[in-house]
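# Summary of the model geometry
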Amino acid sequence: MKSIINHPDSYQMNLFIAVSSTNKDDANLILSSVVMNLLIIENIDVTTGCEIFLIGDLDIREWKYLFSHVHTQIILKNEDIKLLSYLSMENLAKNTIESFANIKIKQLIYDLGNRLFKQGRWQETINQYQKLLETQQGTLEIYWHLSECYRQLNLLDEAFSTLQEGIKLYPTAGNLHFSLIMNLQQAGRIQEAISSALVASNELPDDYTFKIYKHLIVPIIYDKQDEISFYRERFTKGLQDLIQETSLNTDTEKKYALAGIGSLTNFYISYQAQNDIELQRQYGKLVHDIMAANYPHWVTPISMSPLKPGNKIRIGYVSNYLHSYSGTLWLTGWLRQCDRDSFEIYCYYTGNSPDLITQEFQNHSDAFYHIPHNLEAACQQIIADQLHILVYPEIGMDPPTMQIAGLRLAPIQCTAWGHPVTTGLPTIDYFLSSELMEPENAQEHYSEKLIRLPKIGVSYPKPYIPPVIKTRSDYQLPEDAVIYLCCQAPFKYLPQYDFIFPEIARRVPQAKFLFLRGTLLRERLNRAFTAVRLKYEDYCLFLTIPERLDYLMINLLSDVYLDTFTWSGGNTSLEAIACHLPIVTCPGEFMRGRHTYSFLKMIGVTDTIAQNEAEYIEIAVKLGLDSAWRNSIAEKIKERHNLLFDDKDCVEGLEAFYKQLVEESLRKSS
């Protein structure tokens, strides 16, 4: 007690003493005696120091809440072991009486703020950090943590102003610049993002990440159609400028370029509904040049290992997403139905979110390596395994995967449609696609040689669809509405197709368009509905779905699924079909706009495939007004949807292709 009351910050403290295992009257008597002794014998004024509270008679929930707000535990010889065993104390700062006397209260507040941040308690973290900022300049870490708290609470203006305040104090803090640019882009504030990228590039001229951002940043969603051509031209020129500005002559330049190209990709350029082959070739060559400059020993051609009698063809699959993820879930089918007499499967998981699907990948592999966030170690292992063929399920989603794919780690390297866009990389030989998805002129869209595997090209595992255990009222959805499910990511919705929704609404008065991720589209939808003298609030609903069960329930409770133009649903469409939900789709020019089209063709339910926007509207309206026809479509899907899942023909076609590649390669080398 003497040590605490004499602490220089005592007046700002509260001391909690747990007396749950002691009679409270006895505890009060003891405390009063101690305080009296300090006053009389030690001549210490106990009235101006910390406040003291005896805490008892709390249940475990109340104790846990209290302890989550405690700044430090003072270690004593005699402690309530039973109480401490009930509570999670690992992250709580602990001090002996001697060390406590020297600790600053600001440090205690800082430590608690960090502890709350790790627990995801955003508002409580903000409260602690703000206490510090009232009395001192914040650290770089505080500004980043604070901005992240605001972002998690969807307080974006506060998040951005916090980052800008931090950048004023720490102008060369790359992580603050990066977070500001990325989050402005995500929020649709593209001009501010571009301005911030210019500031970052000026402050950190050697940081290649900000050179990329400065030249290549594009919107995630477009406000108007003419913005697409504007930003595409800007990207095209920016890419040329970036290539000209890229110097790889010194070790420092190589290192910066490697770090920059590994921090972001050109993912969003492909959502402009254009043929990206030339831009991808330029970008792919840039990636390859940077990787070759840093790892010259990993870009030379590799000879095919000979196949001795009884040996199997070694196939490797490398991805950041060997877990429950839409872009790689289909790959489990290729592995599950693999011909084990002919092939050995090697999987390289470079991400770090393992789950039950990760275990499935491991179960179906002869060798499974989990090498998270270590590019060189992953490459070394791939080289050591002497693969015949290396396959990337997706390239373009994850920057380190793009880096690895820019190297030559196997004699033959392929990619597939986990990200359905050509890579442009000179190190990727084949693109594994689908005969049902690709148009006749499809090779014009790929830098790789296009391989059209049978049917949809993948053996997608049939999803488990639960029984309907919730009602529309559980999601505040009107019972009498015709619910059109619009569940795609906002960047798939291009502004030239916004008119579709009000046109349907004009003819289906009970229409409700349910957007699961579309809040960024509100302003555009408002304009589209206002143009035909309707209020978008009367027709558009926006929900955030917390759990997978709820997502499937929404599919089961909806009436019609509206596919997106130019980039259709993949995983979402497959799950909608498993829920027997009628889908309206219109195949696009490129494979990425023809997923749903191929699914419906495969099961022979083609009634809801439109040839143009006008026909799309007609089909959507008919489904909304004619419940008998809608139910007949749902019944057809129910009868035939099994044809879509766990397909073996595509795996047989894939493996025949693998064998042909290896045989031809070995014949040429002999």
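The structure this text deals with has already been given above.
Structural notes, computed from the coordinates.

### Notes on the sheet that holds strand 13 (residues 511-515)
- Spatially, the 5 strands line up as an open sheet ordered 14-13-12-15-16, and their pairing is parallel. The two strands at the open ends of the sheet, each matched to only one other strand, are strand 14 (540-542) and strand 16 (583-584).
- Of the strand pairs in this sheet, strand 15 (residues 560-562) and strand 16 are connected by 2 bridges, and their pairing is parallel. When the bridges of strand 16 are listed, Y561 appears paired with I583.

### Some points on the nonpolar core
- By size, the foremost hydrophobic cluster in this structure holds 184 residues, and its most contacted members are Y317, W334, L432, F513, L562 and Y658.
- Setting aside chain neighbours within four positions, we find L432 in contact with W334, V391, C414, T415, A416, W417, I451, L453, L654, F657 and Y658.

### Observations concerning the pattern of salt bridges
- One pass over the structure, following the stated rule, counts 26 salt bridges.
- D223 serves as the salt-bridge partner of R527, at 3.2 Å between the closest nitrogen and oxygen. With R527 in helix 21 (residues 522-530) and D223 in the loop between helix 12 (208-216) and helix 13 (226-245), this pair connects stretches of sequence that are 304 residues apart.
- Overall, R527 belongs to the partly exposed group, its relative accessible area being 34%.
- With its nearest N and O atoms 3.3 Å apart, the salt bridge here joins D276 to R592. Here the residue D276 occupies a position in the loop between helix 14 (251-261) and helix 15 (277-294), and R592 occupies one in the loop between strand 16 and helix 24 (595-603), the gap between them amounting to 316 residues.
- Through salt bridges with shared partners, one network takes in D157, R189 and E192.

### Side note on the environment of E639
- Along the polypeptide, E639 turns up in helix 26 (residues 627-640).
- Residue class for E639 comes out exposed when judged on its relative accessible area of 55%.
- Between the C-alpha atoms of E639 and G238, which are 401 residues apart in sequence, the distance is 51 Å.

### Concerning the side chain of D550
- Of note, D550 is situated in helix 22 (residues 548-557).
- At 2.8 Å, the side chain of D550 and the side chain of K470 are in polar contact.
- In this structure the side chain of D550 is engaged in a polar contact, spanning 2.7 Å, whose partner is the side chain of Y475.
- When residues no more than four places from it in sequence are discounted, the contact partners of D550 are K470, Y475 and I545.

### Observations regarding the packing of aromatic side chains
- Counted by the stated rule, this structure contains 33 aromatic pairs.
- Judged by centre distance (5.3 Å) and plane angle (10°), the ring pair of Y348 and Y369 falls under stacked. One end of the pair, Y348, is in strand 6 (residues 343-349); the other, Y369, is in strand 7 (residues 367-370), with 21 residues separating them in the sequence.
- You can call Y348 buried: its relative accessible area is 1%.
- Ring centres 5.4 Å apart and planes at 75° place the aromatic pair F501 and F513 in the edge-to-face group. Of this pair, F501 sits in helix 20 (residues 500-507) while F513 is found in strand 13, placing the two residues 12 residues apart along the sequence. For the pair F501 and F513, one class covers both residues: buried.

### Examining the pairing of strand 8 (residues 389-392)
- Residue alternation in strand 8 divides its side chains into two sets, I389 and V391 and L390 and Y392, and both sets are buried.
- Where strand 5 (residues 313-319) and strand 8 come together, 3 bridges link them in parallel fashion. Bridge pairing in strand 8 places G316 opposite L390.
- With 4 bridges joining them, strand 8 and strand 9 (residues 412-416) adopt parallel strand pairing. The residue bridging Y392 from the neighbouring strand is T415, located in strand 9.

The rules behind each value
- Residues numbered from 1 in each chain as written.
- Predicted model: local features only at pLDDT ≥ 70, side-chain atom pairs only at ≥ 80, totals over all residues.
- Heavy atoms only, no water.
- Pairing = 2+ DSSP bridges.
- Helix = DSSP H or I, 4+ residues; strand = E, 2+ residues; numbered from the N terminus.
- Core = buried A, V, L, I, M, F, W, Y, C linked by side-chain atoms within 4.5 Å.
- Buried < 20%, exposed > 50% of the residue type's maximum accessible area, 1.4 Å probe, protein only.
- Contact = heavy atoms within 4.5 Å.
- Salt bridge = Lys/Arg side-chain N within 4 Å of Asp/Glu carboxyl O.
- Polar contact = N/O pair within 3.5 Å; in protein donor to acceptor, adjacent residues only side chain to side chain.
- Phe/Tyr/Trp six-rings, centres within 6.5 Å; stacked < 30°, edge-to-face > 60°.

Taken by themselves, the reported measurements are silent on function.
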